[in-house]
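Chain residues, written in single-letter form:
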Amino acid sequence: MTFIETRGNDGVKPAEVSFSEAILSPSASFGGLYAPKRLPRLDFDFFKAHVGSHYKDLSRALFKKFDVDVDAADLDAALDRYDRFDDPSDPVPLVKVEEDAYVSELWHGPTRAFKDMALQPFGYILSKLAQKRGEHYLIMAATSGDTGPATLETFKDAPNIKVACLYPSGGTSDVQRLQMVTEEAKNEKVIGIRGNFDDAQTALKNLLASESFKRKLKESHTELSAANSVNFGRIIFQIIYHIHSYLRLVEQGELSVGETVYLIVPSGNFGNVLGGYYAKKMGLPVEKLLISSNINNILTELVTKGEYDLRGKSLIQTTSPAMDILKSSNVERVLFDKFGAERTKQLMDDLNEKGVYRLSEEELAMLREDFDATFCSDEEGRAIIARYAEKGYIMDPHTATCFKAYEELRKKSLKTVIYSTAEWTKFSPTVAEALGRHVERDLEALEWISETYGVPVPKMIAELFEKPIVHDTVVDKERIEAEILSFI
(Lines give C-alpha, C1' and ligand atoms only; values in the text may rest on other atoms or scores of the structure.)
Protein backbone atom coordinates (compact mmCIF):
# COMPACT_ATOMS: atom_id res chain seq x y z
CA MET A 1 0.00 0.00 0.00
CA THR A 2 1.37 3.39 -1.00
CA PHE A 3 -0.11 6.82 -0.34
CA ILE A 4 -1.00 9.80 -2.51
CA GLU A 5 -2.14 13.32 -1.73
CA THR A 6 -5.75 14.43 -1.38
CA ARG A 7 -5.21 17.83 -3.04
CA GLY A 8 -2.72 16.76 -5.68
CA ASN A 9 1.03 17.26 -5.78
CA ASP A 10 2.86 20.59 -5.61
CA GLY A 11 5.96 19.44 -7.48
CA VAL A 12 8.06 19.69 -4.32
CA LYS A 13 6.84 16.81 -2.20
CA PRO A 14 7.05 13.26 -3.61
CA ALA A 15 3.91 12.27 -5.51
CA GLU A 16 3.71 8.89 -3.77
CA VAL A 17 5.05 7.78 -0.38
CA SER A 18 5.29 4.66 1.78
CA PHE A 19 3.31 4.08 4.95
CA SER A 20 6.26 4.96 7.18
CA GLU A 21 6.88 8.19 5.27
CA ALA A 22 3.19 9.12 5.48
CA ILE A 23 3.02 8.67 9.25
CA LEU A 24 6.34 10.34 9.99
CA SER A 25 5.51 13.39 7.81
CA PRO A 26 1.69 13.51 7.55
CA SER A 27 1.34 16.97 5.96
CA ALA A 28 0.80 16.66 2.18
CA SER A 29 0.89 19.21 -0.65
CA PHE A 30 -1.33 22.31 -0.44
CA GLY A 31 -2.23 21.50 3.18
CA GLY A 32 -3.83 18.20 2.19
CA LEU A 33 -3.63 14.70 3.65
CA TYR A 34 -2.28 11.34 2.58
CA ALA A 35 -4.73 8.63 1.50
CA PRO A 36 -4.21 5.08 0.19
CA LYS A 37 -3.55 4.83 -3.53
CA ARG A 38 -5.41 1.54 -3.52
CA LEU A 39 -7.14 -0.44 -0.78
CA PRO A 40 -6.87 -4.24 -0.55
CA ARG A 41 -9.97 -6.34 -1.15
CA LEU A 42 -11.33 -8.80 1.41
CA ASP A 43 -13.33 -11.71 0.05
CA PHE A 44 -15.76 -14.22 1.55
CA ASP A 45 -12.93 -16.63 2.34
CA PHE A 46 -11.07 -13.98 4.36
CA PHE A 47 -14.08 -13.24 6.54
CA LYS A 48 -14.90 -16.92 6.95
CA ALA A 49 -11.32 -17.73 7.94
CA HIS A 50 -11.26 -15.09 10.68
CA VAL A 51 -14.51 -15.81 12.46
CA GLY A 52 -13.33 -16.40 16.02
CA SER A 53 -9.85 -14.94 15.46
CA HIS A 54 -8.29 -13.06 18.35
CA TYR A 55 -8.18 -9.32 17.76
CA LYS A 56 -4.39 -9.37 17.41
CA ASP A 57 -4.48 -12.23 14.90
CA LEU A 58 -7.08 -10.40 12.80
CA SER A 59 -4.91 -7.28 12.94
CA ARG A 60 -1.87 -9.20 11.69
CA ALA A 61 -3.88 -10.70 8.83
CA LEU A 62 -5.17 -7.27 7.82
CA PHE A 63 -1.71 -5.70 7.96
CA LYS A 64 -0.53 -8.44 5.65
CA LYS A 65 -3.29 -7.36 3.25
CA PHE A 66 -2.35 -3.70 3.67
CA ASP A 67 1.24 -4.60 2.73
CA VAL A 68 2.84 -1.62 4.49
CA ASP A 69 6.48 -1.23 5.46
CA VAL A 70 6.20 -2.25 9.12
CA ASP A 71 8.46 -5.04 10.35
CA ALA A 72 6.54 -8.09 11.60
CA ALA A 73 8.37 -8.02 14.94
CA ASP A 74 7.53 -4.34 15.44
CA LEU A 75 3.89 -4.97 14.58
CA ASP A 76 3.73 -7.86 17.04
CA ALA A 77 5.18 -5.67 19.80
CA ALA A 78 2.75 -2.86 18.91
CA LEU A 79 -0.24 -5.20 19.03
CA ASP A 80 0.90 -6.50 22.41
CA ARG A 81 -0.23 -3.11 23.74
CA TYR A 82 -3.75 -4.58 23.62
CA ASP A 83 -2.67 -6.92 26.41
CA ARG A 84 -2.93 -3.87 28.69
CA PHE A 85 -6.67 -3.60 28.10
CA ASP A 86 -9.23 -4.84 30.65
CA ASP A 87 -9.46 -8.31 29.10
CA PRO A 88 -6.50 -9.20 26.85
CA SER A 89 -8.49 -12.08 25.37
CA ASP A 90 -11.28 -9.70 24.34
CA PRO A 91 -10.07 -6.08 24.11
CA VAL A 92 -13.22 -4.91 22.26
CA PRO A 93 -16.35 -6.42 23.84
CA LEU A 94 -19.59 -6.48 21.85
CA VAL A 95 -22.67 -6.06 24.05
CA LYS A 96 -26.22 -6.77 22.93
CA VAL A 97 -28.60 -3.96 23.94
CA GLU A 98 -31.57 -4.57 21.61
CA GLU A 99 -32.70 -7.54 19.54
CA ASP A 100 -30.89 -6.09 16.53
CA ALA A 101 -28.45 -3.62 18.14
CA TYR A 102 -25.02 -4.29 19.62
CA VAL A 103 -22.60 -1.88 21.26
CA SER A 104 -18.94 -2.24 20.35
CA GLU A 105 -17.16 -0.93 23.45
CA LEU A 106 -13.95 0.65 22.18
CA TRP A 107 -12.92 2.14 25.52
CA HIS A 108 -11.42 -0.70 27.56
CA GLY A 109 -7.86 0.63 27.23
CA PRO A 110 -5.73 2.70 29.62
CA THR A 111 -7.42 6.09 29.02
CA ARG A 112 -11.00 4.73 28.74
CA ALA A 113 -11.65 6.06 25.23
CA PHE A 114 -11.61 4.65 21.71
CA LYS A 115 -8.45 6.58 20.84
CA ASP A 116 -6.47 3.87 22.66
CA MET A 117 -7.48 1.38 19.96
CA ALA A 118 -5.33 3.20 17.42
CA LEU A 119 -2.87 5.21 19.48
CA GLN A 120 -1.56 2.39 21.66
CA PRO A 121 -0.07 0.40 18.74
CA PHE A 122 0.53 3.45 16.53
CA GLY A 123 2.63 5.15 19.21
CA TYR A 124 4.90 2.14 19.50
CA ILE A 125 5.40 1.90 15.73
CA LEU A 126 6.17 5.59 15.29
CA SER A 127 8.67 5.61 18.14
CA LYS A 128 10.34 2.48 16.75
CA LEU A 129 10.65 4.06 13.30
CA ALA A 130 12.27 7.14 14.83
CA GLN A 131 14.78 5.01 16.72
CA LYS A 132 15.69 2.96 13.65
CA ARG A 133 16.25 6.11 11.60
CA GLY A 134 18.25 7.76 14.37
CA GLU A 135 15.83 10.70 14.31
CA HIS A 136 14.03 12.67 17.00
CA TYR A 137 10.40 13.70 16.57
CA LEU A 138 8.02 16.21 18.05
CA ILE A 139 4.56 14.65 17.98
CA MET A 140 1.82 17.25 18.02
CA ALA A 141 -1.71 16.47 19.13
CA ALA A 142 -4.80 18.68 19.24
CA THR A 143 -7.58 17.26 21.35
CA SER A 144 -11.24 17.76 22.10
CA GLY A 145 -10.71 15.50 25.08
CA ASP A 146 -9.73 11.93 24.17
CA THR A 147 -6.86 12.13 21.67
CA GLY A 148 -4.74 14.05 24.19
CA PRO A 149 -4.79 11.53 27.06
CA ALA A 150 -4.33 8.61 24.65
CA THR A 151 -1.39 10.33 22.90
CA LEU A 152 0.31 11.16 26.19
CA GLU A 153 -0.21 7.60 27.42
CA THR A 154 1.25 5.89 24.37
CA PHE A 155 4.30 8.16 24.02
CA LYS A 156 5.22 8.73 27.66
CA ASP A 157 8.97 8.18 28.13
CA ALA A 158 9.21 6.87 24.52
CA PRO A 159 12.76 7.12 23.12
CA ASN A 160 13.37 9.79 20.46
CA ILE A 161 9.93 11.34 21.00
CA LYS A 162 8.60 14.56 22.50
CA VAL A 163 4.91 15.43 22.60
CA ALA A 164 3.13 18.77 22.55
CA CYS A 165 -0.57 18.36 23.35
CA LEU A 166 -3.02 21.22 22.75
CA TYR A 167 -6.44 21.27 24.39
CA PRO A 168 -9.16 23.94 24.64
CA SER A 169 -9.11 25.30 28.18
CA GLY A 170 -12.58 24.73 29.62
CA GLY A 171 -13.60 22.63 26.62
CA THR A 172 -13.07 19.12 28.01
CA SER A 173 -14.52 17.13 30.88
CA ASP A 174 -12.70 17.33 34.22
CA VAL A 175 -11.51 13.73 33.93
CA GLN A 176 -10.14 14.35 30.43
CA ARG A 177 -8.34 17.47 31.66
CA LEU A 178 -6.88 15.66 34.67
CA GLN A 179 -5.66 12.82 32.47
CA MET A 180 -3.56 15.39 30.61
CA VAL A 181 -2.44 17.93 33.19
CA THR A 182 -1.28 15.30 35.71
CA GLU A 183 0.97 13.51 33.20
CA GLU A 184 4.50 13.36 34.67
CA ALA A 185 6.56 12.16 31.69
CA LYS A 186 9.44 14.57 31.04
CA ASN A 187 9.13 14.24 27.25
CA GLU A 188 5.60 15.66 27.18
CA LYS A 189 4.15 19.17 27.33
CA VAL A 190 0.42 19.92 27.74
CA ILE A 191 -0.78 23.35 26.67
CA GLY A 192 -4.24 24.74 27.28
CA ILE A 193 -5.37 27.31 24.74
CA ARG A 194 -7.91 30.09 25.06
CA GLY A 195 -10.19 28.92 22.29
CA ASN A 196 -11.99 25.82 21.09
CA PHE A 197 -10.94 22.55 19.47
CA ASP A 198 -11.12 23.99 15.95
CA ASP A 199 -8.59 26.63 17.05
CA ALA A 200 -6.32 23.90 18.42
CA GLN A 201 -6.62 21.78 15.29
CA THR A 202 -6.07 24.76 12.98
CA ALA A 203 -2.92 25.63 14.93
CA LEU A 204 -1.71 22.04 14.59
CA LYS A 205 -2.34 21.91 10.83
CA ASN A 206 -0.72 25.31 10.31
CA LEU A 207 2.39 24.25 12.22
CA LEU A 208 2.57 20.95 10.34
CA ALA A 209 2.61 22.93 7.09
CA SER A 210 4.92 25.71 8.34
CA GLU A 211 8.39 25.54 6.82
CA SER A 212 9.72 28.15 9.25
CA PHE A 213 8.50 26.13 12.24
CA LYS A 214 10.08 23.00 10.83
CA ARG A 215 13.37 24.85 10.28
CA LYS A 216 13.37 25.99 13.90
CA LEU A 217 12.77 22.42 15.05
CA LYS A 218 15.60 21.15 12.85
CA GLU A 219 17.94 23.51 14.68
CA SER A 220 17.25 21.26 17.67
CA HIS A 221 17.64 18.16 15.46
CA THR A 222 13.90 17.48 15.68
CA GLU A 223 11.43 16.42 12.98
CA LEU A 224 7.68 17.02 13.12
CA SER A 225 4.75 14.60 13.08
CA ALA A 226 1.21 14.39 14.46
CA ALA A 227 -0.97 12.03 16.47
CA ASN A 228 -4.33 13.34 15.29
CA SER A 229 -6.27 11.40 12.69
CA VAL A 230 -4.79 13.64 10.00
CA ASN A 231 -2.10 10.94 10.38
CA PHE A 232 -3.04 7.76 8.51
CA GLY A 233 -1.23 5.74 11.15
CA ARG A 234 -4.32 6.34 13.28
CA ILE A 235 -6.80 5.45 10.53
CA ILE A 236 -5.26 2.10 9.60
CA PHE A 237 -5.86 0.81 13.12
CA GLN A 238 -9.40 2.21 13.10
CA ILE A 239 -10.33 0.09 10.10
CA ILE A 240 -9.66 -3.09 12.06
CA TYR A 241 -12.28 -2.85 14.78
CA HIS A 242 -15.11 -2.38 12.29
CA ILE A 243 -14.20 -5.70 10.69
CA HIS A 244 -13.75 -7.29 14.12
CA SER A 245 -17.25 -6.22 15.25
CA TYR A 246 -18.81 -7.82 12.19
CA LEU A 247 -16.92 -11.06 12.75
CA ARG A 248 -17.97 -11.14 16.40
CA LEU A 249 -21.62 -11.02 15.30
CA VAL A 250 -20.95 -13.99 13.02
CA GLU A 251 -19.13 -15.81 15.81
CA GLN A 252 -22.08 -15.22 18.17
CA GLY A 253 -24.52 -16.63 15.63
CA GLU A 254 -26.25 -13.30 15.05
CA LEU A 255 -25.17 -13.07 11.39
CA SER A 256 -24.03 -15.20 8.49
CA VAL A 257 -21.00 -14.08 6.50
CA GLY A 258 -22.25 -11.89 3.68
CA GLU A 259 -25.26 -10.41 5.48
CA THR A 260 -25.19 -6.62 5.58
CA VAL A 261 -25.23 -4.48 8.71
CA TYR A 262 -25.57 -0.85 9.70
CA LEU A 263 -22.65 0.81 11.49
CA ILE A 264 -23.52 3.82 13.67
CA VAL A 265 -20.61 6.06 14.61
CA PRO A 266 -20.57 9.20 16.77
CA SER A 267 -18.45 11.54 14.74
CA GLY A 268 -16.53 14.76 15.25
CA ASN A 269 -13.32 14.72 13.25
CA PHE A 270 -14.61 11.86 11.04
CA GLY A 271 -11.68 9.48 11.61
CA ASN A 272 -13.76 6.77 13.27
CA VAL A 273 -16.40 6.68 10.53
CA LEU A 274 -13.69 6.95 7.86
CA GLY A 275 -12.27 3.66 9.18
CA GLY A 276 -15.70 2.12 8.65
CA TYR A 277 -15.93 3.59 5.15
CA TYR A 278 -12.58 2.08 4.17
CA ALA A 279 -13.66 -1.27 5.65
CA LYS A 280 -16.82 -1.12 3.51
CA LYS A 281 -14.74 -0.36 0.42
CA MET A 282 -12.51 -3.30 1.22
CA GLY A 283 -15.50 -5.63 1.19
CA LEU A 284 -17.12 -5.51 4.64
CA PRO A 285 -20.87 -6.05 4.07
CA VAL A 286 -22.15 -2.66 5.30
CA GLU A 287 -25.52 -1.32 4.17
CA LYS A 288 -24.69 2.24 5.26
CA LEU A 289 -22.60 4.18 7.74
CA LEU A 290 -24.91 6.21 9.96
CA ILE A 291 -23.29 9.30 11.47
CA SER A 292 -24.48 10.79 14.75
CA SER A 293 -23.51 14.33 15.74
CA ASN A 294 -24.45 16.75 18.49
CA ILE A 295 -25.91 20.20 17.77
CA ASN A 296 -22.62 21.17 16.11
CA ASN A 297 -24.26 19.37 13.21
CA ILE A 298 -22.02 20.35 10.32
CA LEU A 299 -21.72 16.71 9.22
CA THR A 300 -25.49 16.25 9.15
CA GLU A 301 -25.80 19.25 6.84
CA LEU A 302 -23.10 17.89 4.54
CA VAL A 303 -24.60 14.41 4.25
CA THR A 304 -28.23 15.50 3.96
CA LYS A 305 -27.90 18.78 2.01
CA GLY A 306 -24.48 18.62 0.36
CA GLU A 307 -23.39 21.85 2.06
CA TYR A 308 -20.40 22.43 4.31
CA ASP A 309 -21.08 25.95 5.49
CA LEU A 310 -19.10 27.52 8.33
CA ARG A 311 -20.33 31.05 7.71
CA GLY A 312 -21.98 32.57 10.74
CA LYS A 313 -21.45 29.43 12.78
CA SER A 314 -19.80 29.37 16.18
CA LEU A 315 -18.79 26.22 18.00
CA ILE A 316 -21.28 25.34 20.73
CA GLN A 317 -20.08 23.61 23.87
CA THR A 318 -22.18 20.53 24.60
CA THR A 319 -22.26 17.57 26.96
CA SER A 320 -20.57 15.49 24.22
CA PRO A 321 -17.41 17.62 23.86
CA ALA A 322 -15.41 15.18 21.70
CA MET A 323 -17.86 16.07 18.93
CA ASP A 324 -17.69 19.83 19.48
CA ILE A 325 -16.01 20.29 16.11
CA LEU A 326 -16.90 22.28 13.00
CA LYS A 327 -13.85 21.50 10.86
CA SER A 328 -13.82 17.74 10.41
CA SER A 329 -10.45 16.89 8.90
CA ASN A 330 -11.14 13.40 7.63
CA VAL A 331 -14.10 14.38 5.45
CA GLU A 332 -11.39 15.41 3.00
CA ARG A 333 -10.28 11.80 2.52
CA VAL A 334 -13.83 10.79 1.56
CA LEU A 335 -14.09 13.71 -0.87
CA PHE A 336 -10.82 12.61 -2.44
CA ASP A 337 -11.93 9.01 -2.69
CA LYS A 338 -15.25 10.00 -4.27
CA PHE A 339 -14.30 12.95 -6.48
CA GLY A 340 -10.50 12.96 -6.96
CA ALA A 341 -7.70 15.37 -6.03
CA GLU A 342 -8.60 18.28 -8.33
CA ARG A 343 -12.17 18.54 -7.05
CA THR A 344 -11.07 18.00 -3.44
CA LYS A 345 -8.58 20.88 -3.68
CA GLN A 346 -11.29 23.09 -5.17
CA LEU A 347 -13.72 22.25 -2.36
CA MET A 348 -11.13 22.73 0.39
CA ASP A 349 -9.94 26.01 -1.14
CA ASP A 350 -13.56 27.20 -1.17
CA LEU A 351 -13.92 26.26 2.49
CA ASN A 352 -10.71 28.07 3.46
CA GLU A 353 -11.37 31.17 1.36
CA LYS A 354 -15.17 31.50 1.49
CA GLY A 355 -16.11 29.46 4.54
CA VAL A 356 -18.38 27.19 2.48
CA TYR A 357 -18.44 24.56 -0.23
CA ARG A 358 -21.33 22.86 -1.96
CA LEU A 359 -21.55 19.50 -3.64
CA SER A 360 -23.43 19.05 -6.89
CA GLU A 361 -26.59 16.92 -6.84
CA GLU A 362 -24.65 14.09 -8.44
CA GLU A 363 -21.86 14.37 -5.85
CA LEU A 364 -24.37 14.40 -2.98
CA ALA A 365 -26.00 11.26 -4.37
CA MET A 366 -22.59 9.58 -4.45
CA LEU A 367 -21.96 10.57 -0.82
CA ARG A 368 -25.35 9.29 0.27
CA GLU A 369 -24.67 5.88 -1.24
CA ASP A 370 -22.51 5.22 1.81
CA PHE A 371 -23.63 7.69 4.50
CA ASP A 372 -26.63 9.08 6.29
CA ALA A 373 -26.60 11.39 9.30
CA THR A 374 -28.57 12.98 12.10
CA PHE A 375 -27.83 14.96 15.24
CA CYS A 376 -28.87 14.72 18.87
CA SER A 377 -29.41 17.53 21.38
CA ASP A 378 -28.09 17.36 24.94
CA GLU A 379 -31.65 16.92 26.21
CA GLU A 380 -32.33 14.03 23.85
CA GLY A 381 -29.04 12.43 24.83
CA ARG A 382 -29.84 12.61 28.55
CA ALA A 383 -33.21 10.97 27.94
CA ILE A 384 -31.52 8.12 26.07
CA ILE A 385 -28.97 7.64 28.87
CA ALA A 386 -31.79 7.44 31.43
CA ARG A 387 -33.84 5.01 29.33
CA TYR A 388 -31.02 2.54 28.86
CA ALA A 389 -29.88 2.85 32.48
CA GLU A 390 -33.28 1.47 33.42
CA LYS A 391 -32.45 -1.52 31.19
CA GLY A 392 -29.12 -1.98 32.97
CA TYR A 393 -26.76 -0.34 30.47
CA ILE A 394 -24.83 2.80 31.43
CA MET A 395 -23.44 4.83 28.52
CA ASP A 396 -21.62 8.10 27.98
CA PRO A 397 -23.22 11.08 26.14
CA HIS A 398 -21.40 10.42 22.84
CA THR A 399 -22.72 6.87 22.67
CA ALA A 400 -26.20 8.20 23.47
CA THR A 401 -26.28 10.23 20.26
CA CYS A 402 -26.00 6.98 18.30
CA PHE A 403 -29.31 5.71 19.60
CA LYS A 404 -31.13 8.59 17.96
CA ALA A 405 -29.56 7.52 14.66
CA TYR A 406 -30.59 3.93 15.46
CA GLU A 407 -34.20 5.02 15.92
CA GLU A 408 -34.38 7.44 12.97
CA LEU A 409 -32.11 6.47 10.10
CA ARG A 410 -32.37 2.75 9.48
CA LYS A 411 -34.42 1.99 6.38
CA LYS A 412 -34.09 -1.79 6.70
CA SER A 413 -34.40 -4.25 9.58
CA LEU A 414 -30.73 -5.15 9.74
CA LYS A 415 -28.38 -5.94 12.57
CA THR A 416 -26.72 -2.74 13.78
CA VAL A 417 -23.37 -2.07 15.45
CA ILE A 418 -23.20 1.05 17.60
CA TYR A 419 -19.71 2.29 18.46
CA SER A 420 -19.23 3.43 22.03
CA THR A 421 -16.25 5.75 22.05
CA ALA A 422 -15.83 6.52 25.75
CA GLU A 423 -16.60 5.04 29.12
CA TRP A 424 -19.24 6.81 31.20
CA THR A 425 -16.60 7.67 33.82
CA LYS A 426 -15.17 10.40 31.59
CA PHE A 427 -18.46 12.32 31.67
CA SER A 428 -19.94 11.35 35.02
CA PRO A 429 -21.67 14.68 35.90
CA THR A 430 -23.60 14.56 32.62
CA VAL A 431 -24.54 10.92 33.20
CA ALA A 432 -25.59 11.66 36.80
CA GLU A 433 -27.73 14.58 35.58
CA ALA A 434 -29.44 12.26 33.10
CA LEU A 435 -30.11 9.80 35.91
CA GLY A 436 -31.75 12.45 38.12
CA ARG A 437 -28.89 13.63 40.32
CA HIS A 438 -27.38 17.12 39.86
CA VAL A 439 -23.71 16.95 40.81
CA GLU A 440 -21.08 19.64 40.27
CA ARG A 441 -17.93 17.61 40.88
CA ASP A 442 -16.76 14.59 38.88
CA LEU A 443 -15.64 12.64 41.95
CA GLU A 444 -19.05 12.90 43.62
CA ALA A 445 -20.79 11.89 40.37
CA LEU A 446 -18.49 8.90 39.91
CA GLU A 447 -19.13 7.66 43.44
CA TRP A 448 -22.91 8.15 43.24
CA ILE A 449 -23.32 6.36 39.88
CA SER A 450 -21.02 3.54 40.95
CA GLU A 451 -22.91 2.95 44.20
CA THR A 452 -26.41 3.45 42.76
CA TYR A 453 -26.01 1.37 39.61
CA GLY A 454 -23.34 -1.10 40.70
CA VAL A 455 -20.81 -0.19 38.02
CA PRO A 456 -17.13 0.03 38.96
CA VAL A 457 -14.88 3.06 38.58
CA PRO A 458 -11.55 1.90 37.11
CA LYS A 459 -8.47 2.49 39.21
CA MET A 460 -6.83 4.75 36.61
CA ILE A 461 -9.82 7.11 36.80
CA ALA A 462 -10.20 7.09 40.59
CA GLU A 463 -6.49 7.84 41.09
CA LEU A 464 -6.60 11.01 38.97
CA PHE A 465 -8.10 13.05 41.78
CA GLU A 466 -5.09 12.41 44.03
CA LYS A 467 -2.42 13.32 41.48
CA PRO A 468 -0.65 16.71 41.48
CA ILE A 469 -1.16 19.12 38.57
CA VAL A 470 2.02 19.12 36.47
CA HIS A 471 0.94 21.21 33.45
CA ASP A 472 -0.75 24.54 34.19
CA THR A 473 0.15 26.43 31.00
CA VAL A 474 -2.76 28.21 29.29
CA VAL A 475 -1.98 30.58 26.40
CA ASP A 476 -3.62 32.53 23.61
CA LYS A 477 -3.49 30.64 20.31
CA GLU A 478 -0.96 33.14 18.94
CA ARG A 479 1.51 31.97 21.61
CA ILE A 480 1.36 28.25 20.82
CA GLU A 481 4.41 28.12 18.54
CA ALA A 482 6.62 30.02 21.02
CA GLU A 483 5.48 27.79 23.88
CA ILE A 484 6.32 24.62 21.94
CA LEU A 485 9.72 25.90 20.83
CA SER A 486 10.51 26.85 24.43
CA PHE A 487 9.66 23.27 25.48
CA ILE A 488 11.85 21.77 22.73
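Structure report, in brief. (Residues numbered from 1 in each chain as written. Predicted model: local features only at pLDDT ≥ 70, side-chain atom pairs only at ≥ 80, totals over all residues. Heavy atoms only, no water.)

**Details of the sheet that holds strand β14 (residues 416-420)**
Here is the rule: Pairing between two strands is assigned when DSSP locates at least 2 bridges connecting them. Elements are defined by DSSP. Helices are runs of H or I of four residues or more, strands are runs of E of two residues or more, and each kind is numbered from the N terminus. Where helices are involved, their axes are fitted lines through C-alpha atoms of the stretch in contact, as for all axes, and angles between N-to-C directions lie from 0 to 180°.
Strands sit in the order β3-β4-β14-β9-β10-β13 across an open sheet of six strands; the sheet is mixed. A strand with exactly one partner marks an edge of an open sheet, and here the two such strands are β3 (94-98) and β13 (371-375). Going across the sheet, the axis of each strand differs from the next one's by a mean of 25°, ignoring polarity.

**What to know about the pairing of strand β9 (residues 261-266)**
Cut-off, in case you're wondering: Only protein chains enter the accessibility calculation, which uses a 1.4 Å probe. A residue is then buried if its area is under 20% of the maximum for its type, exposed if over 50%, and partly exposed in between. Seen with its strands pointing away from the viewer, a crossover is right-handed if its path from the first strand over the helix to the second goes clockwise.
Burial analysis of β9 places six of its six residues in the buried class, which makes it a mostly covered element. Where β9 and strand β10 (residues 286-293) come together, six bridges link them in parallel fashion. Within β10, the position partnered with valine 265 by the bridge is isoleucine 291. Regarding the hand of the β-α-β motif, the stretch spanning β9, helix α11 (residues 271-282) and β10 is right-handed. Where β9 lies against β14, three bridges are found, and the strand directions are parallel.

**Structural notes on the pattern of salt bridges**
Quick reminder of the rule: In the sections that follow, a salt bridge refers to a side-chain nitrogen of Lys or Arg positioned within 4 Å of a carboxyl oxygen of Asp or Glu.
Counting across every chain of the model gives 43 salt bridges. Close ionic contact of lysine 477 with aspartate 199 constitutes a salt bridge, the shortest N to O distance being 3.3 Å. Here aspartate 199 lies in helix α8 (residues 197-209) and lysine 477 lies in the loop between β15 (474-476) and α21 (480-487), a separation of 278 residues in the sequence. The partly exposed category is assigned to lysine 477, whose relative accessible area is 39%. In this structure, lysine 411 and aspartate 372 form a salt bridge, with 3.9 Å as the shortest nitrogen-oxygen distance. Placement of lysine 411 in the loop between α17 (397-408) and β14 and of aspartate 372 in strand β13 is noted, with a sequence separation of 39 residues between them. Here lysine 411 falls in the exposed class, since its relative accessible area comes to 66%.

**Focus: the nonpolar core**
Applicable threshold: Each nonpolar core is a collection of buried residues, namely Ala, Val, Leu, Ile, Met, Phe, Trp, Tyr and Cys, held together in the definition by side-chain atoms within 4.5 Å. Throughout, a residue-residue contact means that at least one pair of heavy atoms, one from each residue, lies within 4.5 Å.
Judged by nonpolar contacts, the single largest core of 143 residues is most densely connected at Phe237, Ile243, Tyr357 and Phe371. Here the element with the most residues in this core is helix α10 (residues 232-251); it accounts for 12 residues. Other than its neighbours up to four places away in sequence, phenylalanine 237 contacts Tyr55, Phe63, Leu79, Tyr82, Met117, Ala118, Pro121, Phe122 and Ile125. Judged by nonpolar contacts, the second largest core, of 23 residues, contains Leu138, Leu204, Ala226 and Ile325.

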